[in-house]
Number of protein chains: 4
Amino acid sequence: MAYPKSLLQLNGIVPPMVTPLADYDSLDITGLEKLIEHIIAGGVNGLFILGTTGEAAALGYQLRRELIERTCQQVNSRIPVLVGITDTSYTESVRLAEHAAQKGAQALVIAPPYYYTASQDELLGYFEQLAKELPLPLFLYNMPGCTKMKIERETVRQAANIPGIIGLKDSSADMMYLQKLRQMMANRPDFPLFIGPEELLAEFILMGGNGGISAGANLFPELYVNLYNAAKAGDAAATRELQKKVIQISNNIYGATQHGSSCIKGLKYALCISGICSDQLAKPFHQLSQSEQKIIEHFLAEMPVVVAKRS
Amino acid sequence: MAYPKSLLQLNGIVPPMVTPLADYDSLDITGLEKLIEHIIAGGVNGLFILGTTGEAAALGYQLRRELIERTCQQVNSRIPVLVGITDTSYTESVRLAEHAAQKGAQALVIAPPYYYTASQDELLGYFEQLAKELPLPLFLYNMPGCTKMKIERETVRQAANIPGIIGLKDSSADMMYLQKLRQMMANRPDFPLFIGPEELLAEFILMGGNGGISAGANLFPELYVNLYNAAKAGDAAATRELQKKVIQISNNIYGATQHGSSCIKGLKYALCISGICSDQLAKPFHQLSQSEQKIIEHFLAEMPVVVAKRS
Amino acid sequence: MAYPKSLLQLNGIVPPMVTPLADYDSLDITGLEKLIEHIIAGGVNGLFILGTTGEAAALGYQLRRELIERTCQQVNSRIPVLVGITDTSYTESVRLAEHAAQKGAQALVIAPPYYYTASQDELLGYFEQLAKELPLPLFLYNMPGCTKMKIERETVRQAANIPGIIGLKDSSADMMYLQKLRQMMANRPDFPLFIGPEELLAEFILMGGNGGISAGANLFPELYVNLYNAAKAGDAAATRELQKKVIQISNNIYGATQHGSSCIKGLKYALCISGICSDQLAKPFHQLSQSEQKIIEHFLAEMPVVVAKRS
Amino acid sequence: MAYPKSLLQLNGIVPPMVTPLADYDSLDITGLEKLIEHIIAGGVNGLFILGTTGEAAALGYQLRRELIERTCQQVNSRIPVLVGITDTSYTESVRLAEHAAQKGAQALVIAPPYYYTASQDELLGYFEQLAKELPLPLFLYNMPGCTKMKIERETVRQAANIPGIIGLKDSSADMMYLQKLRQMMANRPDFPLFIGPEELLAEFILMGGNGGISAGANLFPELYVNLYNAAKAGDAAATRELQKKVIQISNNIYGATQHGSSCIKGLKYALCISGICSDQLAKPFHQLSQSEQKIIEHFLAEMPVVVAKRS
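Procedures and definitions
Residues numbered from 1 in each chain as written. Chains lettered and ligands numbered in written order. Predicted model: local features only at pLDDT ≥ 70, side-chain atom pairs only at ≥ 80, totals over all residues. Heavy atoms only, no water. Helix = DSSP H or I, 4+ residues; strand = E, 2+ residues; numbered from the N terminus. Rg over C-alpha atoms; globule rule 2.2 N^0.38 Å. Buried < 20%, exposed > 50% of the residue type's maximum accessible area, 1.4 Å probe, protein only. Contact = heavy atoms within 4.5 Å. Areas by Shrake-Rupley, 256 points an atom, 1.4 Å probe, with all protein chains shown as cover. Lys, Arg positive; Asp, Glu negative; His and termini not counted. Charge placed at Lys NZ, Arg CZ, Asp CG, Glu CD. Buried area = accessible area lost by both parts, 1.4 Å probe. Salt bridge = Lys/Arg side-chain N within 4 Å of Asp/Glu carboxyl O. Polar contact = N/O pair within 3.5 Å; in protein donor to acceptor, adjacent residues only side chain to side chain. Least-squares fit on C-alpha atoms with pLDDT ≥ 70 in both. Phe/Tyr/Trp six-rings, centres within 6.5 Å; stacked < 30°, edge-to-face > 60°. Axes fitted to C-alpha atoms, helices over the stretch in contact; angles between N-to-C directions. Parallel < 35°, antiparallel > 145°, perpendicular 65-115°, else oblique. Left-handed = near helix turned anticlockwise from the far one by under 90°. Nonpolar A, V, L, I, M, F, W, Y, C, P; charged D, E, K, R; others polar.

Colleague: Explanation requested: the overall build of chain A in the structure shown.
Modeller: Of regular secondary structure, chain A possesses 13 helices and ten strands. Taken over the C-alpha trace, chain A has a radius of gyration of 18 Å; the compact-globule value for 311 residues is 19 Å, and the two agree within 12%. Summarising its shape, the C-alpha atoms of chain A cover approximately 50 × 45 × 35 Å along the three principal directions. A total of 311 residues make up chain A; the buried ones form 66% of that total. Summarising the internal contacts of chain A: among those between residues at least 6 apart in sequence, 75% fall at separations of at least 24. For chain A, the exposed area adds up to about 10,200 Å²; of that, 46% sits on carbon and sulfur atoms. Measuring between centres, the 27 positive side-chain charges of chain A sit 3 Å from its 30 negative side-chain charges.

Colleague: Can you walk me through the interface of chain A and chain B in this structure?
Modeller: Frequently, the measure chosen for interface size is the accessible area removed from exposure when the parts meet. Counting from both sides, the interface comprises 44 residues of chain A and, opposite them, 45 residues of chain B. In total, chain A and chain B occlude about 3,700 Å² of area from one another, counting both sides; carbon and sulfur atoms represent 59% of this. It is A:Tyr115, A:Tyr116 and A:Glu122 in chain A that bury the most area against chain B; as a group they hold 22% of the surface buried on that side. At the boundary of chain A with chain B, the tally comes to two salt bridges. Residue B:Glu122 is joined to A:Lys265 by a salt bridge in which the shortest nitrogen-to-oxygen separation is 2.4 Å. For the pair chain A and chain B, the interface holds 28 residue pairs in polar contact (both at pLDDT 80 or more). Within the residue set of the side of chain A that touches chain B, elements represented by two or more residues are helix H4 (90-103), helix H5 (120-133), helix H6 (144-147) and helix H12 (262-273) of chain A. Sort the elements by how many residues they give to the side of chain A that touches chain B and H5(A) lands first, with five residues.

Colleague: Got a minute to help me understand the relation of the copies chain A and chain B in this structure?
Modeller: To go from the first copy of the chain to the second, apply a rotation about an axis and then a shift along the same axis. With an RMSD of 0.0 Å, chain A superimposes on chain B once it is rotated by 180° and translated 0.0 Å along the axis. This pairing of chains is accounted for by a two-fold axis. A shared interface surface links the copies, since 100% of the contact residues of chain A are contact residues in chain B too.

Colleague: Can you help me understand the relation of the copies chain D and chain A in this one?
Modeller: For the match of chain D to chain A, the screw axis carries a shift of 0.0 Å, the RMSD comes to 0.0 Å, and the turn is 180°. An overlap of 100% is found between the interface residues of chain D and their copies at the interface of chain A, pointing to a shared contact surface.

Colleague: What's the story with the packing of aromatic side chains in this structure? I'm lost.
Modeller: Within this structure, the stated rule accounts for 36 aromatic pairs over all chains. Summarising the aromatic geometry, the rings of A:Tyr114 and B:Tyr115 are spaced 4.9 Å apart at their centres and angled 70° between planes, so their arrangement reads as edge-to-face. In this pair, A:Tyr114 is assigned in the loop between strand S6 (107-110) and H5 and B:Tyr115 in the loop between strand S6 (107-110) and helix H5 (120-133), connecting two distinct chains. Note on B:Tyr115 and B:Tyr116: the rings are 5.0 Å apart at their centroids and 85° apart in plane angle, and the pair reads as edge-to-face. Within the aromatic cluster, the residues linked to one another by ring pairs are A:Tyr114, A:Tyr115, A:Tyr116, A:Phe285, B:Tyr114, B:Tyr115, B:Tyr116 and B:Phe285.

Colleague: Is there a simple way to explain the packing of helix H4 (residues 90-103) of chain D against helix H5 (residues 120-133) of chain D in this structure?
Modeller: The geometry of a pair of packed helices is captured by two quantities: the angle between their axes and the separation between those axes. All names here are of chain D. Closest axis-to-axis distance for the H4/H5 pair is 11 Å, and the angle between their directions is 30°. Here H4 lies roughly parallel to H5, going by the angle between them. Both H4 and H5 take part in a crossing whose hand is right-handed. Together, Tyr90, Ser93 and Val94 of H4 and Tyr126, Gln129, Leu130 and Glu133 of H5 make up the contact between the two elements. Tallied by class, residues from the contact of H4 with H5 come to four nonpolar, two polar and one charged.

Colleague: Is there a simple way to think about the pattern of salt bridges in this case?
Modeller: A side chain of one charge can pair with a side chain of the opposite charge when the charged atoms of the two come close. Residues and elements named next belong to chain A. Counted under the stated rule, the structure contains 48 salt bridges over all chains. The shortest N-O distance in the salt bridge between Asp174 and Lys150 comes to 3.7 Å. Here Lys150 lies in the loop between H6 and helix H7 (153-159) and Asp174 lies in the loop between strand S8 (165-170) and helix H8 (175-184), a separation of 24 residues in the sequence. When its relative accessible area of 24% is taken as the criterion, Asp174 is described as partly exposed. Residue Lys150 is classed as partly exposed on the basis of its relative accessible area of 33%.

Colleague: Got a minute to help me understand the interface of chain D and chain A in this structure?
Modeller: At the interface, 25 residues of chain D touch 25 residues of chain A. For the chain D and chain A pair, buried surface summed over both sides reaches about 2,100 Å², with 63% attributable to carbon and sulfur atoms. Seen at the junction of chain D and chain A, the total is zero salt bridges. At the surface where chain D touches chain A, the tally comes to ten residue pairs in polar contact (both at pLDDT 80 or more). Among the elements that take part in the side of chain D that touches chain A, helix H11 (residues 236-254) of chain D stands out by supplying eight residues, more than any other.

Colleague: Any chance you could explain the environment of C:Leu227 here in plain terms?
Modeller: Residue and element names in this part refer to chain C. The topology assignment puts Leu227 in helix H10 (residues 221-232). A relative accessible area of 0% means that Leu227 is categorised as buried. Measuring from C-alpha to C-alpha, the distance between Leu227 and Gly12 comes to 9.7 Å, with 215 residues separating the pair along the chain. Those residues within four positions of Leu227 in sequence are excluded, and the remaining contacts are Leu201, Ala202, Thr239, Leu242, Gln243 and Val246.

Quick look at the structure:
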């Protein structure tokens with residue numbers, strides 16, 4: 001398989017897109033289009049749909065398929081579209097991947113199957129079989145907080161030698177793991193490492209990381225692109241300034257409520273009051289309370305970053 | 001909804017059936033039929049398919065649907081069939097439940113959606129919505145080791161007041177939780193509590209619990225039925241004797257290998273060499289090594305319990 | 001070393017005594033005497049001081065020494081006194097043990113050193129060295145919630161062959177561990193197993209366990225002695241009745257507040273309003289709030305168990 | 001209390017000194033002197049004794065006192081000496097602090113009491129009482145891996161307003177926590193934040209952190225000082241180069257063995273074969289196996305950093 005060069009050199013900011021919903025089982029189609037345009041206008045390097053931030057696991061398969069099709073159509077090859085196919089069932093992962101390829105996506109992203117835990121050997125075998133069978137190149141996704149299973153460094157090292165596996169996103173928030181992995185993979189510049197938690201993006205790029213799958217880039221794509229560029233250029237002072245805003249976003253938007261879903265809820269509400277898309281959540285999530293909403297409203301009113309409103 | 005009386009008084013041993021596979025994505029149909037007959041012949045009170053032991057999460061949806069249909073046909077109403085509909089997607093849980101009702105299952109079983117974590121309020125709301133929409137009565141399933149989310153006692157207490165929610169299976173292996181729950185629900189004899197881990201079945205029944213969803217009852221159904229009866233009758237000495245065998249099974253069959261899948265792997269291999277069904281596993285699991293197989297072979301040869309072979 | 005027969009057959013209820021304090025660094029001497037008499041009057045089989053419930057780790061060494069001396073004097077050989085010597089420093093454990101022997105204690109109790117974690121090999125070596133050097137027989141104490149380190153079953157099995165190591169207290173609340181351990185040690189009736197968490201005492205004794213180190217026996221010693229006797233006699237129905245009260249105590253006295261210290265705080269407050277000893281806590285613990293106190297007051301007023309008041 | 005200006009502006013590298021032992025309960029006095037000189041010669045900004053790396057919790061009190069006295073004497077005010085007084089007993093912490101003040105130490109370091117867990121309120125009250133009673137200024141020490149209790153950010157913020165509490169060392173390895181804390185304390189340049197895990201030192205200083213309590217600086221003090229200086233100057237490229245060596249040290253010296261003690265064991269063995277001090281460990285730790293020793297020997301032979309040998 002020959003991959004497009006743009007994909008093999010993927011780096012920078014690739015937002016994990018939230019899934020705009022009209023109802024728990026149907027898309028907010030206008031919101032989806034606006035959101036994609038808003039993100040692309042921010043200068044990002046790719047778009048990752050059906051990840052954790054995209055509530056993928058909570059969506060019905062029909063909806064996931066529709067989202068893939070509409071997103072690929074709207075993006076229209078301006079930037080690479082990466083599609084999450086994480087599933088507890090191998091069969092369903094492969095089926096979704098085939099759909100993604102047909103609709104024009106550029107790459108796939110997979111975290112370990114996450115109901116049972118497996119051995120690292122089993123995990124490596126799983127990646128190997130997938131890579132053989134999948135119609136598109138594959139990024140691994142380390143997300144132990146949701147999957148209970150870490151992709152150990154040695155497993156990454158071996159998986160990186162499998163044709164078709166082309167990079168990794170790490171959302172462990174464990175910088176000890178990630179810095180050691182980065183150094184272990186230093187001789188593999190063709191295997192980019194992306195970081196999930198945006199609070200750690202600045203230091204990861206300063207230390208040589210390749211990019212960020214930053215949730216906040218749904219809302220403020222330019223901020224994350226600027227931060228990436230400053231850090232990439234080794235400008236520690238400018239990076240620290242931009243990082244302050246990222247932490248404020250984390251404290252005020254994701255910190256408005258609790259539980260694993262807090263980032264999604266905060267982001268969707270912020271996007272909603274910014275006129276971009278609906279704040280509807282997939283089940284079983286409940287919307288923010290009024291007092292939690294106020295925290296976000298107040299923050300956005302004060303936030304010294306212009307939020308493009310395209311209503 | 002009026003439920004059959006037999007279901008509302010469900011107690012005793014309800015084996016969580018393994019799913020006999022010919023290949024990772026197709027059923028071992030002959031094995032399935034033999035296994036069902038083997039289990040029913042042991043005198044159990046019900047059959048639970050598509051649970052953790054059934055590898056449900058790892059199976060494709062088409063296969064799950066076929067399993068439901070074939071199982072209901074084979075059981076042919078001799079005992080109640082309970083169908084696991086645990087899913088990260090509400091939509092897919094409901095769809096599978098509708099299929100189960102059409103094919104003749106008696107009840108459904110659901111654990112919390114398990115990729116994200118949610119608040120207990122969200123979980124209670126989720127159960128409430130499901131109960132309204134589902135065509136069959138529902139057992140809750142507490143399985144924090146796989147779902148990362150506990151169904152807290154207070155949530156169980158409230159959920160037990162929702163029409164259509166008729167009992168709970170607890171696989172936390174946390175007897176502090178379960179004993180306190182049992183006492184909290186003492187005034188609800190119509191809401192049975194079942195225990196998953198069979199190593200704790202004896203003491204749970206001695207203390208007043210209602211039954212066991214015991215994986216080992218795939219292999220030795222009579223043993224678990226006898227243990228249940230002894231404990232139910234308050235015969236502590238006989239219970240302790242039978243419990244010894246249960247612990248031996250756990251040590252030798254489930255303990256032959258490690259990881260979360262060890263019980264499934266051990267059971268399937270033991271069923272295979274007992275001539276009942278295939279030991280094929282769903283992906284990403286690997287089969288036992290030869291040395292692990294030897295442990296089980298040796299144990300079964302020594303085990304002073306007759307394993308019915310019906311080939 | 002020849003141990004007194006009474007000690008080698010130790011079983012039944014051995015309360016882990018709270019340490020009555022006048023101030024965070026001085027004993028409530030009158031309270032100590034009353035408490036000891038109250039406990040002994042309840043028919044218990046031994047007394048364990050300087051355990052977790054005794055706040056041992058939080059006490060200064062001078063106070064620990066004084067407590068040992070006064071307790072041995074007051075008990076005056078009516079029942080065996082077991083002294084906790086758990087410490088992160090081997091040297092300090094040995095020094096305290098020597099003091100305990102001089103003052104007349106009958107046995108020692110030790111949990112793993114708990115700041116660092118060590119390998120099971122290191123732990124076994126540690127027990128071996130201690131047993132050689134200590135002047136009194138030693139019980140092991142598995143308390144992973146506080147020590148972060150489990151004493152694995154295989155380590156217990158090997159340690160049980162070391163002369164001078166004569167039993168184990170398990171406070172893991174992990175019945176899977178304890179039931180498997182009980183069965184593994186079935187051929188060692190001379191090596192008694194005690195359970196810490198009293199909520200699980202009933203089932204542990206019904207299943208063949210040797211005794212309980214039950215914190216609630218500070219307050220209601222007869223209740224735990226009666227429960228032990230009923231369960232030992234295999235009377236499941238009577239055991240369940242008594243167990244109800246134990247769970248009520250747990251819910252209302254230990255559950256009045258939260259955190260690891262809730263049992264100690266609840267017990268000390270209940271002992272205080274029962275006229276037995278002061279409710280002063282060691283640092284850094286704060287006393288119960290008024291609303292938490294009310295829960296306990298209300299419960300004790302309603303509790304259908306007579307609390308002996310000996311003021 | 002007026003603190004010396006040098007102390008209030010403490011930053012840079014402050015090695016957590018290993019404790020050279022002749023035997024588990026006696027000091028390697030010659031090794032101690034050599035080690036102190038080796039470290040000071042490396043240009044560090046302070047010396048922290050009786051921390052985690054110093055095996056403090058495992059040492060007898062008499063030995064701790066002797067170590068304080070000898071270290072203060074040898075350092076002779078060339079750099080500030082910080083003394084760990086972490087203890088489960090408030091009384092013993094205060095006693096050790098008084099000894100440290102008498103012998104000439106400049107500051108104290110304390111982690112939460114670590115057998116029980118306490119509430120954050122109790123923890124804050126504990127720090128407040130200590131600060132009033134202690135004769136020297138106090139650094140807080142967040143080390144949840146050993147203490148099971150996190151000092152939450154809000155607790156740090158409040159504690160930083162207590163006179164006598166002058167900074168914090170964080171060894172959580174949780175950069176999300178630490179970066180958010182750093183930003184929360186941005187208006188408190190007088191309250192320095194130090195990082196424990198040296199694998200994360202580079203990024204912490206690049207992002208604005210104040211210093212590192214880096215265990216590897218026992219062995220290669222200049223390396224950590226150089227890394228600190230490069231990162232402080234915002235030179236990302238030079239920082240990354242030096243960071244490579246730090247990761248190699250971590251992989252080869254601390255990674256030679258496992259368990260919580262691996263860093264101490266690796267360091268002591270490396271110091272021993274570098275001719276600096278004994279590799280004797282406190283109980284219950286066992287020395288490295290020969291194959292583990294070989295990994296370290298091989299690494300040191302290859303390591304392109306000159307290890308000063310001052311025998």
